[in-house]
Amino acid sequence: MRWVILFFATVVFLCRANIACAQENEFTQQTLEILDIGSQKQLLFDDHVILEAVDARRVFHQATKVAEPVIVTNPAEEEELSCRWVMYDERLGLFRMWYVAVNRADLPLCYAESNDGIHWRRQVATPDRRGTERLEPFNKTGIVDPNSTDGGLQAPQYEMAVWYDRREIDPQKRYKMMFDKHESSMHCPAYSADGYSWKAAGETAVWSPKMIRAARREKPDWYTDECNHFIHDPLRNRCIGMMRERLGYPGTLTSPDYFRRIIFYESEDLVHFQKLDGHFTTERVDGAGAQIYWMTGFVNEGVYIGLPTVFYTAEAARESERDRLWICIAFSRDGSHWSWPQRRPFLPRGEEGRIGSGMMFTHSQGVVYEDKIYFYYNGTSELHHESEGPHQSGLGCATLRVDGYASLQAQSPAGGPAIVLTKMLRYQGDRLLVNADARGGEIKVDLLVEATKVAANPGDATQQPPKTSDPITGDAPRHVVTWSGNGDLKHFEGVPIRVRFTMTGDAKLYSFRFAPHTARRFDHQLGLPIVSQ
């Protein structure tokens, strides 16, 4: 009997030793790994560039709602407004919104403009009347179908996405759109030279639930429906489709086999789509009745930001959640494998009986303008299966400081300092910029080089980067880190280096980047500086 106990004790010991060895090897590999970050901004929602954090915590932040809806439904003119897409057009210096007035056949697709993203002009001249004094109550636009017998305009039923393609050589196709027709959620591309007048590519849909079901007949319980979204991916010059998949269909909402989740497709030509690995779904931690109703997203600072809408069915444990939809936030580094670290609404819900108390959902991307990110959503006091009685609805907006998805800060503001050490980084640029709110404390930065392995300056092996920086205080999206007043880091460009942040008090670190001093503007999608020549 004793030898049996000894045998199992030996097995347990060896298993623990192997696990410890594997963990040590993984840590050693991360310690020796060099990440080439160039001038890419580093968001801190995960540990992609972080080697170790001591007495630090990661805090995820909600967006802040604008006090009043930016556009309120006028019952005399439209039953309900639904924002389809918003973008900031640098060529015009304007926010541009495409939206629809639900159940108004004479308003297939509407358009509005704004200088600040909050105050919108719906009464603007139609494109062919610009320069005249006549204004329309709505700027009616639409998508011309070249195969339509009546030459009428079309509008998306549920989804559309608009983007400007700088790489497009045909000026008539610089603005691109993916939209769904009314018939069975058939999705088609459309093109425009100015974003006002659109022309559909043709009658044939490039995506529809019927096409996918036909390709997967071996799974008759698998189904895609009308809630499919598309986003432009400038990192890989492609379009990503975020498609809602229903499992256990046909069935009822109360069936234990009935479930919604998101799967992903990609296309480089807006015609041929292929499936990506991965899916986005709720888990046990989200509670009974939680499903993903739909999902949209955008690319920000070289990272994929997802905006999934969570639907709580009648099985939800809390009555305050049942039959309601709210908007969350998720993150990805490849567009198909996602992390969802904060299981709470990213956009705060409305007060009971007010806009956004029943359902909140978004079709649009986040829009980066100056030092804020604008999120537009459709909100109503109505519940998902409720149609009787008066309801308040409109288009709302919430904002977030740029890079403000998550911050690193001390475990306790009254306690000791938090220390965050990065992996070995190889950068491009001559200065270090930090997005931080240090009004309640301070942040100091050390640049560390392993002197025995690499010289900071090939011509001078003794030259090392400065140690502790001048303290960072105050709140700014682009603090320039200095050492005795000097922020020039050109001598260490291309040298593998670690960055150590020491934070005290209530200081919050949102992001950092190395950049050339000639950069005055930055591409908020790619996360790279735009260098002036």
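Every residue gets a number counted from 1 within its own chain, in the order that chain's sequence is written. Per-residue local features are limited, in this predicted model, to residues with pLDDT of at least 70; the limit for side-chain atom pairs, both in listing and counting, is 80 or more; totals at the level of whole chains, interfaces and linings are taken over all residues. Just so you know, side-chain values use all the structure's heavy atoms and leave hydrogens and water out.

## Thoughts on the overall build of the protein
For helices the rule is a DSSP run of H or I covering at least 4 residues; for strands it is a run of E covering at least 2, with both sets numbered from the N terminus onward. The helix and strand inventory of the protein stands at two helices and 38 strands. To sort residues, take the accessible area from a 1.4 Å probe on protein chains only and compare it with the maximum for the residue type: under 20% means buried, over 50% means exposed, and anything in between is partly exposed. Here the protein holds 533 residues, and the buried ones make up 51% of them. In the protein, once contacts between residues fewer than 6 apart in sequence are set aside, the share between residues at least 24 apart is 61%. When the accessible surface of the protein is totalled, it reaches about 24700 Å², and 51% of it is carbon and sulfur. Contacts are assigned to residue pairs that have any heavy atoms within 4.5 Å of one another. Accessible surface area values rest on a Shrake-Rupley calculation with a 1.4 Å probe, where residue burial reflects the displayed protein chains alone.

## Notes on the state of the cysteines
Two cysteine sulfur atoms form a disulfide, by the criterion used here, when they sit within 2.5 Å. One pass over the structure, following the stated rule, counts zero disulfides. Looking at Cys397, it has no disulfide partner, and the nearest cysteine sulfur is the one in Cys83, 9.7 Å off. Residue classification places Cys397 among the buried residues on the basis of a relative accessible area of 1%.

## Some words on the packing of aromatic side chains
The criterion for an aromatic pair is that two Phe, Tyr or Trp rings (for Trp, the six-membered ring) have centres within 6.5 Å, with stacked assigned to planes under 30 degrees apart, edge-to-face to planes over 60 apart and tilted to the rest. Under the definition given, this model contains 23 aromatic pairs. Pairing Tyr164 with Tyr175 gives two aromatic rings, centres 4.9 Å apart and planes at 70°, and the pair type is edge-to-face. A residue pair is termed long-range when its members are at least 10 positions apart, and Tyr164 in strand E13 (residues 160-164) and Tyr175 in strand E14 (residues 175-180) qualify at 11 residues. Residue classification places Tyr175 among the buried positions, given a relative accessible area of 4%. Measuring from centroid to centroid gives 5.5 Å for Tyr293 and Phe311, while their planes differ by 75°, and the two rings are edge-to-face. Of this pair, Tyr293 sits in strand E21 (residues 290-300) while Phe311 sits in strand E22 (residues 303-312), and the two are 18 residues apart along the sequence. The rule is short: NZ of Lys or CZ of Arg within 6 Å of the ring centre and within 35 degrees of the ring normal puts a charge over the ring. Over the aromatic face of Tyr164 sits the side chain of Arg91, whose NZ or CZ is 3.4 Å from the ring centroid. Arg244 extends its terminal NZ or CZ atom over the ring of Tyr293, reaching a point 4.6 Å from the ring centre.

## Considerations on the confidence of the model for the protein
Considering every residue of the protein, the mean pLDDT works out to 78; 71% of them sit at 70 or more. In the model, residues 250-254 has pLDDT below 50 throughout and makes seven contacts with residues more than four positions away in sequence or in other chains. Per residue, pLDDT measures the predictor's confidence, with a range of 0 to 100. In this model residues 451-459 is a low-confidence stretch, pLDDT under 50, and it forms 15 contacts with partners more than four residues away in sequence or in other chains.

## Regarding the nonpolar core
Among buried residues, the Ala, Val, Leu, Ile, Met, Phe, Trp, Tyr and Cys ones that are joined through side-chain atoms within 4.5 Å form a nonpolar core. Val434, Val445, Phe501 and Phe512 are the most contacted members of the largest nonpolar core, which has 34 residues in total. Listed by contribution, the elements that provide at least two residues to this core are strand E1 (34-38), strand E30 (406-410), strand E31 (418-422), strand E32 (424-427), strand E33 (431-448), strand E35 (498-505) and strand E36 (508-515). Apart from residues lying up to four places away in sequence, Val445 is in contact with Leu432, Lys467, Thr468, Ser469, Ile472, Val481, Trp483, Val499, Arg500 and Phe501. With 27 residues, the next largest nonpolar core counts Val162, Met178, Ile263 and Leu270 among its residues.

## Let's talk about the pattern of salt bridges
Think of a salt bridge as a Lys or Arg side-chain nitrogen and an Asp or Glu carboxyl oxygen that are within 4 Å of each other. Under the counting rule described, the total for this entry stands at 24 salt bridges. Taking the shortest distance from any N to any O, the salt bridge between Lys176 and Glu168 comes out at 2.8 Å. Residue class for Glu168 comes out buried when judged on its relative accessible area of 17%. Salt bridges linked by common partners bring Arg401, Asp437, Arg439 and Asp475 together as one network.

## Some thoughts on the environment of Glu442
Relative to the elements of secondary structure, Glu442 occurs in strand E33. By relative accessible area, Glu442 is classed as partly exposed at 25%. Sequence separation between Glu442 and Asp506 is 64 residues; the distance between their C-alpha atoms is 8.0 Å. Contact partners of Glu442, with chain neighbours within four places excluded, come to Pro471, Ile472, Thr473, Thr502, Met503, Thr504 and Ala507.

## Observations regarding the side chain of Glu168
One can find Glu168 in the loop between E13 and E14. Separated by 2.8 Å, the side chains of Glu168 and Lys176 make a polar contact. With sequence-adjacent residues up to four places away left out, Glu168 is seen in contact with Lys173, Arg174 and Lys176. Polar contact is the term for a pair of N or O atoms within 3.5 Å; when the atoms are in protein, one must be able to donate a hydrogen and the other to accept it, and sequence-neighboring residues count only if both atoms are side-chain atoms.

## Some words on the environment of Phe331
Summarising the element assignment, Phe331 is placed in strand E24 (residues 330-332). Linking Phe331 and Val303, residues 28 residues apart in sequence, is a C-alpha distance of 7.3 Å. Once residues within four sequence positions are removed from consideration, Phe331 is found in contact with Phe45, Phe60, Tyr304, Ile305, His337, Trp338, Ser339, Pro341 and Tyr405.

## What about the pairing of E22?
E22 sits mainly inside the fold: 10 of its 10 residues count as buried. Taking every second residue as pointing to the same face, both faces of E22 are buried, with Val303, Ile305, Leu307, Thr309 and Phe311 on one and Tyr304, Gly306, Pro308, Val310 and Tyr312 on the other. At least two DSSP bridges between two strands are needed for those strands to be called paired. Relative to E22, E21 runs antiparallel, the two being bridged by 10 bridges. Note that in E22 the partner of Asn300 across the bridge is Val303. The antiparallel hairpin formed by E21 and E22 contains two residues in its connecting segment, where Glu301 sits at a positive phi of about 55°. Taken together, the four bridges between E22 and strand E23 (residues 324-327) define a ladder with antiparallel strand orientation. Paired with Phe311 across the two strands is Leu325, which belongs to E23.

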